[in-house]
Amino acid sequence: MTASAPLGTLAELPADYLHALDGQHAKPAWPSLRSLIPQGAPERRTLAHRWTYRDLRPLLLRAGELAPMERAERRVLMLSNPGLEGKPFATASIFLGFQVILPGERAPNHRHSPSAVRIIVEGEGAYTNVQGQRLEMRRGDVILTPAHLWHEHAHDGEGPMIWLDALDVPLMVAMEAAYGSPGSVQTSSQRLDASQTRHRRGGLLPYERLGRRAQDYAQFRYPWAEVREALLDLAKDTPTGQAVQLAYVNPETGLECMPTFGFSALMLRPGEEIDMPLTSASTGLLVLEGSGRTVADGKTLTWEDSDVVAIPTHSRIRHCNASARQPAFLIQVDDAPMQRKLGFYQQF
Ligand SMILES: [Fe+2]
């Protein structure tokens, strides 16, 4: 028998046998084996899709009127991939949602088993407290709130504050391991966070950290201003055709900043068109600057500032900067770290 030979079907099995199996809460594997584990390539429901910030922003602001913070706890519009039958997930493993907080509001302290990362989209004057560490929020900043760590948000500035949340909640839900707990208001430190002090520069560590066990989360905030500058420098030394891309890592381990998700910043030079490696990971993108298009699995998605793109696993991806004069900048989130840890990540 060859590997591609058709397998037996349920219809070929006697009714009394199927009835007996039902009575034992058991099922024959062979009739559904090919749908569980398709041959050659995975079955993907996630569609390559773009959400337009210009269209979503007014709906997000309206949520500010419709759902007071005490009735919402977190005022988020979840990005629901049109291929995932109403599930509130951007890809099969990545949750993305725009969150808004208004002046004077406070999103109460809580913690949960899913890990969350914020990418700041708009506004000034808000901050997140993570485990008592106060983290300023400025456009493009990446801020970590890892699993089971306390976090709350507050906004002392003017105008709406909006960010994109990325969570590994689809995995937690699939494992029946998603839950959270409320907490009392944090006493936040007025000290500057590690991104401005202890891990201010790549390649440098506070001396006393040498030889010590690395902290799981040495740094919670990655300021965009410094990442953008680093990308511009990296671009000078990156051959044409190769992506100008920087990974967000734990500065004490050099490994991905979160255990389940990878975050990276991508710069497209003026007029650049670039093919990304074909991998088994699924991907989300937030556009920070510029305009262009992404071709994923043959589908063309145009984008501009603050738009979000979702791309399924095993996709051919090509990014194009529409401007011949200005660079474009995107933040990428992908599920490669969880795939690597589970031992099945592939780059083809
Ligand atoms: Fe949370």
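All of the points below concern the structure found in this document.

What counts and what doesn't
Residues numbered from 1 in each chain as written. Predicted model: local features only at pLDDT ≥ 70, side-chain atom pairs only at ≥ 80, totals over all residues. Heavy atoms only, no water. Helix = DSSP H or I, 4+ residues; strand = E, 2+ residues; numbered from the N terminus. Contact = heavy atoms within 4.5 Å. Pairing = 2+ DSSP bridges. Donors = N, O, S within 2.8 Å, 3.2 Å for Na, K, Ca; no water. Buried < 20%, exposed > 50% of the residue type's maximum accessible area, 1.4 Å probe, protein only. Core = buried A, V, L, I, M, F, W, Y, C linked by side-chain atoms within 4.5 Å. Axes fitted to C-alpha atoms, helices over the stretch in contact; angles between N-to-C directions. Salt bridge = Lys/Arg side-chain N within 4 Å of Asp/Glu carboxyl O. Expected span 1.5 Å × (residues − 1). Arc of directions from axis to C-beta.

## Regarding the environment of Phe 220
Then, in step 1: Along the chain, Phe 220 turns up in the loop between β11 (180-182) and β12 (221-222).
Then, in step 2: Sequence separation between Phe 220 and Arg 198 is 22 residues, and the spatial gap between their C-alpha atoms is 11 Å.
Then, in step 3: Not counting chain neighbours up to four residues away, the residues in contact with Phe 220 comprise Val 130, Gln 133, Leu 135, Val 142, Ile 143, Leu 144, Pro 146 and Leu 149.

## A word on the pairing of strand β7 (residues 133-136)
Then, in step 1: Across four bridges, strand β6 (residues 126-130) lies against β7 in antiparallel orientation. In the sheet register, Tyr 127 faces β7, and the bridge partner there is Glu 136.
Then, in step 2: The turn joining β6 and β7, which pair antiparallel and follow one another in sequence, is formed by two residues; a positive phi near 50° is taken by Gln 131.

## Overview of the coordination of the iron ion
Then, in step 1: At 2.1 to 2.2 Å from the iron ion lie its protein donor atoms, namely His 110 (NE2), His 112 (NE2) and His 151 (NE2).
Then, in step 2: Every donor residue of the iron ion comes from the same chain, spaced as H-x1-H-x38-H. With His 110 in strand β4 (residues 106-112) and His 151 in strand β9 (residues 151-155), this pair connects stretches of sequence that are 41 residues apart.
Then, in step 3: On the accessibility criterion, His 110 (9% relative accessible area) is buried.
Then, in step 4: Owing to a relative accessible area of 1%, His 151 belongs among the buried residues under this scheme.

## With respect to the nonpolar core
Then, in step 1: The biggest cluster of nonpolar side chains holds 52 residues, and the ones touching the most others in it are Leu 96, Phe 98, Leu 164, Trp 224, Tyr 248 and Phe 263.
Then, in step 2: For this core, the element with the most residues is strand β10 (residues 161-167), which contributes five residues.
Then, in step 3: By size, the runner-up hydrophobic cluster in this structure holds 15 residues, among which are Leu 268, Leu 285, Val 287 and Leu 330.

## Some remarks on the sheet that holds strand β14 (residues 262-268)
Then, in step 1: Read across the sheet, six strands follow the order β1-β19-β16-β21-β14-β13 without closing on themselves; strand pairing throughout is antiparallel. Of all strands in the sheet, those with a lone pairing partner are β1 (49-51) and β13 (244-247), marking the two edges. Averaged over all pairs of adjacent strands, the angle between strand axes in this sheet comes to 20°, irrespective of strand direction.

## Quick look at the pattern of salt bridges
Where charged atoms from two side chains of opposite charge approach closely, those side chains can pair.
Then, in step 1: Scanning all chains against the criterion turns up 22 salt bridges.
Then, in step 2: With a shortest N-O distance of 3.1 Å, Glu 152 and Arg 106 are connected by a salt bridge. Pair noted here: Glu 152 is in strand β9 and Arg 106 is in strand β4, with a separation of 46 residues, a long-range link.
Then, in step 3: The class for Glu 152 is buried, based on a relative accessible area of 1%.
Then, in step 4: Using a relative accessible area of 34% as the deciding quantity, one classes Arg 106 as partly exposed.

## Brief notes about the pairing of β14
Then, in step 1: Of all the seven residues making up β14, seven are buried; the element is thus mostly covered by neighbouring parts of the structure.
Then, in step 2: Side-chain alternation along β14 places Gly 262, Ser 264, Leu 266 and Leu 268 on one buried face and Phe 263, Ala 265 and Met 267 on a second face that is also buried.
Then, in step 3: The sheet contact formed by β13 and β14 spans four bridges and is antiparallel. The residue bridging Leu 246 from the neighbouring strand is Ala 265, located in β14.
Then, in step 4: Sheet analysis places β14 next to strand β21 (residues 328-334), joined by seven bridges and oriented antiparallel. Looking at the pairing, Leu 268 lines up with Ala 328 of β21.

## Here's the deal with helix α6 (residues 224-236)
Given 3.6 residues per turn, any residue in an α-helix points the same way as the ones three and four places further on.
Then, in step 1: Taking 1.5 Å as the rise per residue, α6 with 13 residues should run 18 Å; its terminal C-alpha atoms sit 19 Å apart, in good agreement.
Then, in step 2: Considered for burial, the residues of α6 that qualify are Trp 224, Val 227, Leu 231 and Ala 235. When α6 is viewed along its axis, its buried side chains cluster within an angular range of 75° and face the same direction. Exposed residues on α6 whose side chains face more than 90 degrees from its buried face are Ala 225, Glu 229 and Lys 236.
Then, in step 3: Of the surrounding elements, those touching the buried residues of α6 are β12, β13, β14, β16 (283-289) and β21.

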